[in-house]
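What follows is the residue order along each chain.
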Amino acid sequence: MAFTSCNSESSPAPEKKAETVVLVHGAWQGAFTWKIVKSNLEKKGFTVVAVELPAHGDDTTPVAGLTLDSYSAKVISAIEAQPSKVILVGHSLGGMVISAVAEKVPAKIAKLVYLAAFLPQNQQSLFEISGADKQTLLPKALEVSADQSTISVKSDSLINIFCQDGSAEIKQLILSKNRTEPLLPLTNKVTLTDANFGSVTKFYIRTINDHAIGINLQDQMIKTTTIKKVYSLTAGHTAHLSQPNEVSAIIEEIAAIK
């Protein structure tokens, strides 16, 4: 069953916001995870683009040859289609992607928002960062394909790792949409400079009950990067599914910060 949010046909049209919000999902997921957040922000007058990364969600791009650059190119294409600067939000793996994008097109980005996301330093890969996480439940649940092209999460561990605090409906959605993850992009190092990546204002939304990226690692990443404001949610890893209204409200607040 598809999940929905309330909508009133009699509500007046919201005032149009100046900036577009671009949403980037995490590993083993897709743009579908942003459905309620996207709807909430659109009702507030934002233009919202939820990017579907190659070989994720309903995207049929072959896995062979995909890299972190493939992901950032897809996001850059979405950003360049917008008339003004964007607020770029990344969840989990999406943090690696939005960081790479900010390095390449910093002038197109007003703010970066990391939601339970990897926040890299120069020349780090996702695997390198996650290797320091002593709280994550992911390692024991991972299975690499025989040809080393993809990596998957055991289905019996999927919910506890990603959305243990979600409704039954959301848990079923995550299970039904689960796909294997391209492996190579997780090993790609990201190049970041102070002049480009460092010039974009950053925000972080911590997820305290996260089983995929432990809160200690989140805090360590926050300490090593200049963050304008840190928010906290008592939520699991996929807070935009389990607490979409709270996530939407934070993004709206961030948009208003000068």
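Residues numbered from 1 in each chain as written. Predicted model: local features only at pLDDT ≥ 70, side-chain atom pairs only at ≥ 80, totals over all residues. Heavy atoms only, no water.

Counting buried residues in strand β1 (residues 20-24) gives five out of five residues, a clear majority hidden from the surface. A two-sided burial pattern is seen for β1, the buried positions comprising T20, V22 and V24 on one face and V21 and L23 on the other. Bridging between β1 and strand β2 (residues 47-51) involves five bridges; their strand directions are parallel. Each residue of the ladder has a partner; that of V22, found in β2, is V49. Taken together, β1, helix α1 (residues 35-43) and β2 form a β-α-β motif whose crossover is right-handed. The sheet contact formed by β1 and strand β3 (residues 86-91) spans five bridges and is parallel. The residue of β3 that forms the bridge with V24 is G90. (Buried < 20%, exposed > 50% of the residue type's maximum accessible area, 1.4 Å probe, protein only. Helix = DSSP H or I, 4+ residues; strand = E, 2+ residues; numbered from the N terminus. Pairing = 2+ DSSP bridges. Right-handed = clockwise from strand over helix to strand, strands pointing away.)

Their axes nearest at 9 Å, the elements helix α2 (residues 68-80) and helix α3 (residues 93-104) cross at an angle of 65°. By the criterion of interaxial angle, the relationship of α2 to α3 is roughly perpendicular. In this structure, α2 crosses over α3, and the sense of that crossing is right-handed. Residues L68, D69, Y71, S72, V75, I76 and I79 of α2 form the contact with α3, whose own contacting residues are L93, M96, V97, A100, V101 and K104. Classifying every residue of the contact of α2 with α3 gives ten nonpolar, one polar and two charged. (Axes fitted to C-alpha atoms, helices over the stretch in contact; angles between N-to-C directions. Parallel < 35°, antiparallel > 145°, perpendicular 65-115°, else oblique. Left-handed = near helix turned anticlockwise from the far one by under 90°. Contact = heavy atoms within 4.5 Å. Nonpolar A, V, L, I, M, F, W, Y, C, P; charged D, E, K, R; others polar.)

To continue, consider the side chain of T20. Here T20 shows up in strand β1. Judged by its relative accessible area of 3%, T20 falls in the buried class. A distance of 3.3 Å separates the side chain of T20 from the side chain of Q82, its partner in a polar contact. Contacts of T20, omitting those with residues within four sequence positions, involve T47, V49, Q82, K85, V86 and I87. (Polar contact = N/O pair within 3.5 Å; in protein donor to acceptor, adjacent residues only side chain to side chain.)

The geometry of α1 relative to helix α10 (residues 244-256) is characterised by a closest axis approach of 9 Å and an angle of 45° between their N-to-C directions. Taken together, α1 and α10 sit at an angle that is classed as oblique. Note that α1 runs across α10; the crossing there is right-handed. Between α1, through I36, V37, N40 and L41, and α10, the contact on the second element is made entirely by P244, N245, V247, S248, I251 and E252.

Time to look at the side chain of K111. Inspection of the secondary structure assignment puts K111 in strand β4 (residues 109-115). Of note is the side chain of K111, whose polar atom sits 2.7 Å from the backbone oxygen of I254. Within the local environment of K111, its side chain forms a polar contact with the backbone oxygen of A255, the two atoms lying 3.1 Å apart. Setting aside chain neighbours within four positions, we find K111 in contact with V86, I87, L88, V200, T201, F203, I254, A255, A256 and I257.

Our focus in this paragraph is the UniProt feature "domain: AB hydrolase-1" (unreviewed entry) in the protein chain. Cross-referencing UniProt, the feature "domain: AB hydrolase-1" (unreviewed entry) maps to residues 21-133 in the present numbering. Each end of residues 21-133 is marked by a C-alpha atom, and these two atoms are 30 Å apart; helix forms 35% of the span and strand 19%. (UniProt positions renumbered as here; feature names shortened; annotations may be inferred.)

Assignment of secondary structure puts L138 in the loop between α4 (126-130) and β5 (142-144). You can call L138 buried: its relative accessible area is 15%. Between the C-alpha atoms of L138 and S125, which are 13 residues apart in sequence, the distance is 16 Å. Discounting residues that sit within four places of it in the chain, L138 has contacts with W28, V153, I161, F162, H211 and A212.

All right, on to the pairing of strand β9 (residues 229-233) then. Across five bridges, strand β8 (residues 201-207) lies against β9 in parallel orientation. Residue pairing across strands places T207 opposite L233, the latter belonging to β9. Since β8 and β9 lie parallel, the crossover through helix α8 (residues 215-223) that links them has a hand, and here it is right-handed.

In this section: helix α5 (residues 155-162). All buried positions along α5 are accounted for by S157, L158, I159, I161 and F162. Where the residues of α5 are buried, they touch β6 (150-153) and α6 (168-177).

Counted under the stated rule, the structure contains two aromatic pairs. With 5.9 Å between their ring centres and 45° between their planes, W28 and F162 make a pair best called tilted. On the criterion of sequence distance, the pair formed by W28 in the loop between β1 and α1 and F162 in helix α5 is long-range, its members being 134 residues apart. Here the two residues W28 and F162 agree in accessibility, since each one is buried. Summarising the aromatic geometry, the rings of Y114 and Y204 are spaced 6.3 Å apart at their centres and angled 5° between planes, so their arrangement reads as stacked. Within this pair, whereas Y114 is found in strand β4, its partner Y204 is found in strand β8, the two being separated by 90 residues in sequence. (Phe/Tyr/Trp six-rings, centres within 6.5 Å; stacked < 30°, edge-to-face > 60°.)

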